[in-house]
Amino acid sequence: GDPISEYDVVEGNQCRQVIGAAYSLVLPTEVCNPELVAVSEECAALLGLTVEECNTQRFADMMAGNEVIPGSTPYAMAYGGHQFGTWAGQLGDGRAMC
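Residues numbered from 1 in each chain as written. Predicted model: local features only at pLDDT ≥ 70, side-chain atom pairs only at ≥ 80, totals over all residues. Heavy atoms only, no water.

With that settled, consider the overall build of the protein chain. Scanning the protein chain from N- to C-terminus turns up 3 helices and 4 strands. Helices (α) and strands (β) of the protein chain occur, in sequence order from the N terminus, as β-α-α-α-β-β-β. Buried residues in the protein chain amount to 21% of all 98 residues. In the form shown here, the protein chain has an accessible surface area of approximately 7300 Å², with 56% of it arising from carbon and sulfur atoms. (Helix = DSSP H or I, 4+ residues; strand = E, 2+ residues; numbered from the N terminus. Buried < 20%, exposed > 50% of the residue type's maximum accessible area, 1.4 Å probe, protein only. Areas by Shrake-Rupley, 256 points an atom, 1.4 Å probe, with all protein chains shown as cover.)

To continue, consider helix H3 (residues 57-64). Inspection of H3 places Phe59, Ala60, Asp61 and Met62 among the buried residues, and these make up the whole buried set. The secondary structure elements touched by the buried residues of H3 are helix H2 (51-54). Just beyond H3, the residue with positive phi is Gly65, at close to 95°. (Contact = heavy atoms within 4.5 Å.)

In structure tokens, the structure reads:
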């Protein structure tokens, strides 16, 4: 088969088939007025964060994608799968930003 490159070399965020790549480098789409609903103290501790650091608007903005975390490179994974008992091929490359 075709070799899989590390990432999609096509820039931009538009609907398309991603060929020969595992992920696309894209910036998240901003949302209006993100709000933090809940914080897991245990999970925050695993990430080296305090609950107080998580209970800020900046944290909500980063988790919503309105602010890119410093030093990070946002990407969206390509994936495929079955729908209604039939192989549907590539279903998208934007199900979640990593």
